[in-house]
Amino acid sequence: FGWTPPALGQYYVSLEILPVIDEFYYNDNIDEQLVTIVELENYNLSFPTFQWYDAAVNGINLNFFGDDVSIPVQLPFQFEFYDQGFSTVYVSSNGWMSFADSNPTQLYYPGFPSSQFAYAVALFLSDLVAEDNVYLWSTPEFVVIEFLDYNYLWGDLAGTFEVVFFATGEILFQYLSVNYENQP
C-alpha cells in the first residue's frame, strides 16, 4: 500500500501481517508506531512475489566471524537513503546495517528514530554471531547481503534472511526461515 501524509506532524501507523502456513508464533505480526513526518513524501509498502536472491550460490562469502563485529561492504552504485547518498554499508554480526556508523556492533536498539542508529537498516536485530555464513552478491542493479543458517549467540538457529539494496533506492527484506524458539 502507499500513503502520502496530508501534512507534517505525528501519526499512528498500524500494520498487520497475516500468518503464513505453519507459523505458530505470530504475536509480533501486528504493530503500531507513532511516527513523525518531517518531509512530505510518498511512503510505500508493497508485497512483491517472493523471489530469493541466493547470495550463497551467486555471490561470495564475506569470511566474517565473531560476536559484536562489523565489516564494510562497498556498493557498486550510490545508494540514496533519506537525504544522503552512500557507497558503503557497514554490516553488523547482529543482523543490522548502517550507512553512517562504521562499527555497528550494538545488539539492541533504543527505539527508532535514534541518533545512535542514524541511517540504520534493521533486518534482524538481535544478539547474533557471524560464523563464516554471511554472503554478498553484488551487481550494477542490486546488492544482496545474506545471513545463511545464522545463529543466536547462545547457539540456537535464528534463521536465513537477507536484505537487497536496489540501485533505484528500494530496500527488500526477505526471510527464508526464522526461528523464534528460545529467544530472549
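We now turn to the structure provided with this report. If you're wondering where the values come from, they're calculated on a predicted model, not measured in any experiment.

Another aspect to go through is the packing of aromatic side chains. How two aromatic rings sit relative to each other is set out by the distance from centre to centre and by the angle between their planes. This model, assessed by the stated rule, comprises 22 aromatic pairs. For the ring pair Tyr 53 and Trp 137, a centre distance of 6.4 Å and an interplane angle of 55° mean the geometry is tilted. Of this pair, Tyr 53 sits in the loop between β4 (43–44) and α1 (55–58) while Trp 137 sits in strand β12 (residues 134–138); the two residues are 84 residues apart in sequence, bridging distant segments of the chain. Taken individually, Tyr 53 and Trp 137 each receive the classification buried, so the pair is uniform in this respect. Of the aromatic side chains, those joined through ring pairs into one cluster are Phe 79, Phe 81, Tyr 82, Phe 86, Phe 99, Tyr 119 and Phe 165.

The next point concerns the nonpolar core. Counting 29 residues, the largest nonpolar core has Met 97, Phe 99, Ile 145, Phe 147 and Phe 165 as the members making the most contacts within it. Elements with a contribution of two residues or more to this core: β7 (70–81), β8 (84–92), β11 (128–131), β12, β13 (142–152) and β14 (157–166). When residues in this core are grouped by element, the largest group, 6 residues, is from β7. Setting aside anything within four residues of it in sequence, one finds Ile 145 in contact with Val 89, Val 91, Met 97, Val 134, Tyr 135, Leu 136, Phe 161, Glu 162, Val 163 and Phe 165. One finds Tyr 53, Phe 142, Val 164 and Phe 166 within the second-largest nonpolar core, a separate group that totals 9 residues.

Let us now look at the side chain of Ser 92. Tracing the backbone shows Ser 92 in strand β8. Within the local environment of Ser 92, its side chain forms a polar contact with the backbone nitrogen of Asn 94, the two atoms lying 2.9 Å apart. Separated by 2.7 Å, the side chain of Ser 92 and the backbone oxygen of Pro 104 make a polar contact. In this view, Ser 92 contacts Phe 64, Val 69, Ser 70, Pro 104, Thr 105, Gln 106 and Phe 147; residues no more than four positions away in its chain are not counted.

Let us now look at the sheet that holds strand β10 (residues 120–122). Strand order in the open sheet made by the 4 strands is β7-β8-β9-β10, with antiparallel pairing throughout. In the strand order of this sheet, the two ends are held by β7 and β10, each with one partner. On average, adjacent strands in this sheet sit at an angle of 25° to one another, irrespective of strand direction. Strand direction decides the pairing type here: β8 and strand β9 (residues 96–98), joined by 2 bridges, are antiparallel. Counterpart to Val 91 in the pairing with β9 is Met 97.

It is worth spelling out the pairing of β14 at this point. Most of β14 sits inside the fold, with 9 of its 10 residues counted as buried. Relative to β14, β13 runs antiparallel, the two being bridged by 8 bridges. Paired with Val 144 across the two strands is Val 164, which belongs to β14. Connecting β13 to the next strand, β14, in antiparallel fashion are 4 residues, including Gly 155 with a positive phi near 105°. With 7 bridges joining them, β14 and strand β15 (residues 171–178) adopt antiparallel strand pairing. Each bridged residue has a counterpart across the sheet, and for Phe 165 the counterpart in β15 is Ile 171. Linkage of β14 to β15, two consecutive antiparallel strands, is achieved through a turn of 4 residues, within which Gly 169 is found at a positive phi near 100°.

The rules behind each value
Residues numbered from 1 in each chain as written. Predicted model: local features only at pLDDT ≥ 70, side-chain atom pairs only at ≥ 80, totals over all residues. Heavy atoms only, no water. Phe/Tyr/Trp six-rings, centres within 6.5 Å; stacked < 30°, edge-to-face > 60°. Helix = DSSP H or I, 4+ residues; strand = E, 2+ residues; numbered from the N terminus. Buried < 20%, exposed > 50% of the residue type's maximum accessible area, 1.4 Å probe, protein only. Core = buried A, V, L, I, M, F, W, Y, C linked by side-chain atoms within 4.5 Å. Contact = heavy atoms within 4.5 Å. Polar contact = N/O pair within 3.5 Å; in protein donor to acceptor, adjacent residues only side chain to side chain. Pairing = 2+ DSSP bridges. Axes fitted to C-alpha atoms, helices over the stretch in contact; angles between N-to-C directions.

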